[in-house]
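# Observations on chain architecture
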Number of protein chains: 2
Amino acid sequence: MTTAQLNTWQDVQSEVLGRIHSRYWKPGDLIPNEADLASEFGCARATVNRALRAVAEAGLLDRKRKAGTRVATNPVRKATLSIPIIRQEIEESNRAYSYGLISSRTAIPPVGVRAQMQLGETTKALYVAALHLADGRPYVSEDRWINIDAVPDILSVDLSLENANEWLVRNAPFTRGDISFSAIQADAKIAEILAARTDDALFVIDRTTWNGNTTITAVRMIFHAGYHMQTTV
Amino acid sequence: MTTAQLNTWQDVQSEVLGRIHSRYWKPGDLIPNEADLASEFGCARATVNRALRAVAEAGLLDRKRKAGTRVATNPVRKATLSIPIIRQEIEESNRAYSYGLISSRTAIPPVGVRAQMQLGETTKALYVAALHLADGRPYVSEDRWINIDAVPDILSVDLSLENANEWLVRNAPFTRGDISFSAIQADAKIAEILAARTDDALFVIDRTTWNGNTTITAVRMIFHAGYHMQTTV
DNA sequence: CAGTGGTCTAGACCACAAG
DNA sequence: TTGTGGTCTAGACCACTGG
């Protein structure tokens, strides 16, 4: 295969992707090393490296020192989904965002939440229930526990005016988060909140965020019936 | 702020993350330019660039030519979830994987699928229904339409022996895919297949994949009741 | 041990966009 | 117009790991 000058790493990347898609390099194949590709493409090795690294991050190549670079046999497609800030998600679809605080109080969390947040049996946390609306219609309900020790300032915030998530995002940076997606059947209570029918299937996101080893908050977001979360690979 | 020599881009990255988390650089702040940081850290500008680019990709910085680099005000957390190959997902949890073909035939797809796949009104496609099991118990049902024009070889594959997804992954590379996650209520038919109860809430992934402008396949995966998809940010 | 990818450097030029 | 990030280069050394 002869190749013209490929000057940018994007050029190299698309050449590489082309060779994979055309099956000129097949799954499992060892491809030439960076130095060889660089001289073939007429560019510097660093440029080839940048391109191959990008393709490897996308999951289409496996790279190992000494062993070389192979076309992935099980191209594990990585979908990057940006965890939406609800307000943005709603406003980007040209609907009016609004927010209602349902309840806010300190209490000892139930055992499940306590375990998830690694809190003691007698440690109180701030419980916040709220509803986000799009064009006045229920969009997602939010059930949140906040670790007061980690974020004491939260107690002085008026959560009927400012949405807890947005306050936390701005004032309580986190280093790590676990996210879980699932489906639940609506019970009478959540059905009423979301204007759904009992037994409707609802999409749920559970998230716990940490700053180092300290839990910041655990939240369950239950979306209105019919919600889809979408992304692209 | 004085800083010792930071020699690797990872060093620079953690210093930068530290300054963001400690709020030494606050959301919205303009941070020094690459050249200044390079001299402060005692490394080359390319090293700083590599570090800042990584942090920006994680969503914590916004970078613009001429305008400089700012700490993101709405740190859009990007969760990368690797779309699982079902067999791997099951085997990694130390359960036995098995697979059953329910049906395989060519037919004209229903209008929704036809639109999604951009097929003509009279174009036939291959329909495959299958069930994946973990330790003999239903794990996920798969309902798939395959564009025969794009992948004619699929017709000569014995899909009772080889799982359609794995065959496609190996033999029909794709350039692009749309994915959607949602929740549905089990009807009698799917409830029976998945050993669930009617009205159970089930987690669903719909995926359409393309090679250039050609649709390869559209698939709906309906997971057993109680399934969680998890990831980390 | 030796080949491969991983990274750093110093310098250079370019593309974009704010003023 | 000009400051900023984006990228390329050529060369160098290092870290990991397969054989």
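Because the structure is a prediction, the values reported are computed rather than measured.

To continue, consider the relation of the copies chain B and chain A. For the pair chain B and chain A, the best superposition has an RMSD of 0.1 Å and corresponds to a rotation of 180° with a translation of 0.0 Å parallel to the axis. Overall, the copies show the geometry of a two-fold rotation axis. Counting the interface residues of chain B, we find that 100% of their copies in chain A are interface residues as well, pointing to one common contact surface.

Between the first and last C-alpha of helix α3 (residues 45-57) of chain A there are 18 Å, a value that for 13 residues agrees with the 18 Å anticipated at 1.5 Å per step. The inward-facing, buried residues of α3(A) abut α1 (9-21), β1 (30-31), α2 (34-41) and β2 (61-64) of chain A together with α3 (45-57) of chain B. Positive phi appears at G59(A), one or two residues downstream of α3(A), with a value of about 95°.

Residues and elements named next belong to chain B. At a minimum axis distance of 8 Å, the contact between helix α1 (residues 9-21) and α3 shows a crossing angle of 50°. With respect to their mutual orientation, α1 and α3 come out oblique. The crossing of α1 and α3 is right-handed. The residues of α3 that touch α1, namely those facing W9, V12, Q13, V16, L17 and I20, are T47, V48, R50, A51, L52, A54 and V55.

Quick look at the protein's contact with DNA strand C now. Around DNA strand C sit 23 residues, and of these R45(A), K66(A), T8(B), W9(B) and T47(B) come closest. Of everything in DNA strand C that lies within 4 Å of the protein, sugar and phosphate atoms constitute 70%. Contact between DNA strand C and W9(B): a phosphate oxygen at 2.4 Å from a main-chain N or O atom of the residue. Elements with a minimum of two residues in the surface near DNA strand C: α3, β2 and β3 (68-71) of chain A together with α1 and α3 of chain B. At four residues, the largest contribution of residues to the surface near DNA strand C is made by α3(B). Its residues placed into classes, the surface near DNA strand C shows five nonpolar, eight polar and ten charged.

When cut into domains, chain A gives domain 1 (9-71) and domain 2 (86-223). Between the C-alpha centres of domain 1 of chain A and domain 2 of chain A there is a distance of 44 Å.

The subject of this paragraph is the protein's contact with DNA strand D. Inspection of the region around DNA strand D gives 24 residues, with T8(A), W9(A), T47(A), R45(B) and K66(B) positioned closest. The sugar-phosphate share of atoms of DNA strand D within 4 Å of the protein amounts to 69%. Interatomic distance of 2.6 Å between a side-chain N/O atom of T47(A) and a phosphate oxygen of DNA strand D. A distance of 2.6 Å separates a phosphate oxygen of DNA strand D from a polar atom in the side chain of R63(B).

What counts as what
- Residues numbered from 1 in each chain as written.
- Chains lettered and ligands numbered in written order.
- Predicted model: local features only at pLDDT ≥ 70, side-chain atom pairs only at ≥ 80, totals over all residues.
- Heavy atoms only, no water.
- Least-squares fit on C-alpha atoms with pLDDT ≥ 70 in both.
- Contact = heavy atoms within 4.5 Å.
- Helix = DSSP H or I, 4+ residues; strand = E, 2+ residues; numbered from the N terminus.
- Expected span 1.5 Å × (residues − 1).
- Axes fitted to C-alpha atoms, helices over the stretch in contact; angles between N-to-C directions.
- Parallel < 35°, antiparallel > 145°, perpendicular 65-115°, else oblique.
- Left-handed = near helix turned anticlockwise from the far one by under 90°.
- Near = heavy atom within 4 Å.
- Polar contact = N/O pair within 3.5 Å; in protein donor to acceptor, adjacent residues only side chain to side chain.
- Nonpolar A, V, L, I, M, F, W, Y, C, P; charged D, E, K, R; others polar.
- Domains from an automatic or database assignment.

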